[in-house]
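# Structural characterization, general
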Amino acid sequence: MPARPPLTARRLRLATELRKMRERAGMTVTEAARALGTSQGQLSNVESGRFGVSPDRIRALAGIYSCPDQGIIEALVVLATDRTFGWWESYREVLPSGLLDLAELEHHAIAVRTAYTSQMPGLLQTADHAREIFRHVIPAPTPPEVEHRVSHRIKRQGVLYGTEPTPYRTTVHEAALHMRVGGRSVTRAQLHHLLDMGEREHITIRVLPYEVGAFPGSGQSINYLYGPVPQLDTAQLDQFHGPVLLDAEALLDKYRNLLDIVEATALSPEKSRDLIHAIAQKL
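Residues numbered from 1 in each chain as written. Predicted model: local features only at pLDDT ≥ 70, side-chain atom pairs only at ≥ 80, totals over all residues. Heavy atoms only, no water.

## Considerations on the overall build of the chain
What the chain contains, in helices and strands, is 12 helices and 6 strands. Relative to its length of 283 residues, the chain is compact, with a C-alpha radius of gyration of 21 Å against a globular reference of 19 Å. Across its three principal axes, the chain shows a C-alpha extent of roughly 70 × 40 × 35 Å. In the chain, which comprises 283 residues, the proportion classed as buried is 47%. Contacts in the chain between residues at least 24 apart in sequence constitute 73% of all its contacts with a sequence separation of at least 6. Looking at the chain as shown, the accessible area adds up to about 14000 Å², and 54% of this sits on carbon and sulfur atoms. Averaging the locations of the 32 positively and 32 negatively charged side chains of the chain gives two centres separated by 3 Å. (Helix = DSSP H or I, 4+ residues; strand = E, 2+ residues; numbered from the N terminus. Rg over C-alpha atoms; globule rule 2.2 N^0.38 Å. Buried < 20%, exposed > 50% of the residue type's maximum accessible area, 1.4 Å probe, protein only. Contact = heavy atoms within 4.5 Å. Areas by Shrake-Rupley, 256 points an atom, 1.4 Å probe, with all protein chains shown as cover. Lys, Arg positive; Asp, Glu negative; His and termini not counted. Charge placed at Lys NZ, Arg CZ, Asp CG, Glu CD.)

Written as structure tokens, this is what we have:
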């Protein structure tokens, strides 16, 4: 019997959205399965991501649920038909699945927006900076494990390059700019890398200066990944035990608003660049 494909973030999201669609229609699994002409177990397996689902069945379910939103229906069809074996799958045996999920979501995102307080954004880290960060992971990783994480992080950054790079906006607290990860030379190189990346048209970097004081979401790192339709956006939070993915509409709205507030509080891109350059000059 062939091995079942891994339950990736996008495959699970498809299943979750089909369940949400049914619940909004006020139907039980038994009622929906009967209307579709299948078993309750079959539909339950689809809604858990254990079974795949065809585009025709997605459209049939949308009809049964009286879903009027053609945009979300077609976006779910794309999720169901995309069989892309991304580069991140080669790391499945050596890295936590949460890191693979983040890479997959970044790869398919139409835009990425982040906010970081105590560290540099992963998509803007140099290899030396990332290596030093990963050396301090608990439990302590082996040297090969560190290198797997570094190479994975650098490959993630591919979304910012190429002929159609992903639009990227980030807000970084000044504290992260002063943190000497890896010593003076590594920190200086990291700051100059931020300056170089900020010159790209599709990348916007803002700095939240010390004088701002307290602000919403302080102490938390946020990655917000925009899907093809707003319902398929994802918020990712860095937790000590690993990445956490959020897709509830109320939480997505909360983190969009939080990022709006943080951006509005931060310095302009031009003033941010001046501050980054000044800090680099003092090293």
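## As for helix α4 (residues 55–64)
If you check which residues of α4 are buried, you get Ile58, Leu61 and Ala62. What you see down the axis of α4 is that its buried residues fit within an arc of 100°, all on one side. Just downstream of α4, Ser66 is the residue with a positive phi angle, here 55°. (Arc of directions from axis to C-beta.)

## Observations regarding the pairing of strand β2 (residues 168–173)
Most of β2 sits inside the fold, with 5 of its 6 residues counted as buried. In the sheet, strand β1 (residues 111–116) pairs with β2 via 5 bridges, with the strands oriented parallel. Across the sheet, Arg113 pairs through a bridge with Arg169, a residue of β2. (Pairing = 2+ DSSP bridges.)

## Remarks on empty space enclosed by the protein
All told, the structure shown has 3 cavities of 30 Å³ or more when counted by the stated rule. Roughly 60 Å³ of internal volume is contained in the largest cavity. Mapped by element, the contributors of at least two residues to the lining of the largest cavity are β1, β2 and α11 (249–265). A total of 3 residues in the lining of the largest cavity trace back to one element, the largest contributor, which is β2. (1 Å grid on protein atoms, 1.4 Å probe; cavity = no way out; pocket = protein on both sides within 12 Å on 5 of 7 lines; lining within 4 Å. Points joined across faces, edges and corners; volume = space filled by probe spheres on them.)

## So, the side chain of Thr171
Within the secondary structure, Thr171 is located in strand β2. Those residues within four positions of Thr171 in sequence are excluded, and the remaining contacts are Thr114, Ala115, Tyr116, Arg206, Leu208, Val262, Glu263 and Ala266.

## Notes on the packing of aromatic side chains
Taken as a whole, this structure holds 3 aromatic pairs when the rule is applied. Both rings, one in Trp87 and one in Trp88, keep their centres 5.7 Å apart while their planes meet at 75°; by these two values the pair is edge-to-face. Judged by relative accessible area, which is 27%, Trp87 ranks as partly exposed. Considering the side-chain rings of Trp87 and Tyr91, the 6.0 Å spacing of their centres and the 85° angle between planes classify their relative orientation as edge-to-face. One aromatic cluster in this structure is built from Trp87, Trp88 and Tyr91. (Phe/Tyr/Trp six-rings, centres within 6.5 Å; stacked < 30°, edge-to-face > 60°.)

## What about the pattern of salt bridges?
With the rule as written, the count across this model stands at 21 salt bridges. As a salt-bridge pair, Arg13 and Asp247 come within 3.9 Å of each other at their nearest N and O atoms. Pair noted here: Arg13 is in helix α1 (residues 9–24) and Asp247 is in the loop between β6 (242–246) and α11, with a separation of 234 residues, a long-range link. A relative accessible area of 8% places Arg13 in the buried class. Residue Asp247 is classed as partly exposed on the basis of its relative accessible area, which comes to 23%. Arg169 serves as the salt-bridge partner of Glu263, at 2.6 Å between the closest nitrogen and oxygen. Taken as a pair, Glu263 in helix α11 and Arg169 in strand β2 lie far apart in primary sequence, 94 residues in all. Glu263 gets classed as buried once you look at its relative accessible area, which sits at 11%. Arg169 sits in the partly exposed class, given a relative accessible area of 33%. (Salt bridge = Lys/Arg side-chain N within 4 Å of Asp/Glu carboxyl O.)

## Topic: the packing of helix α2 (residues 29–36) against α4
Where α2 meets α4, the axes come as close as 10 Å, and the angle between the chain directions of the two elements is 115°. For α2 against α4, the interelement crossing comes out right-handed. Note on element contacts: α4 touches α2 through Arg57, Ala60, Leu61 and Ile64, opposite Ala32, Ala35 and Leu36. Across the contact of α2 with α4, the residue classes break down as 6 nonpolar, no polar and 1 charged. (Axes fitted to C-alpha atoms, helices over the stretch in contact; angles between N-to-C directions. Left-handed = near helix turned anticlockwise from the far one by under 90°. Nonpolar A, V, L, I, M, F, W, Y, C, P; charged D, E, K, R; others polar.)

## As for the side chain of Thr187
Positionally, Thr187 belongs in helix α10 (residues 184–198). The residues contacting Thr187, other than those within four sequence positions of it, are Leu177, Met179, Arg180, Val181 and Leu283.

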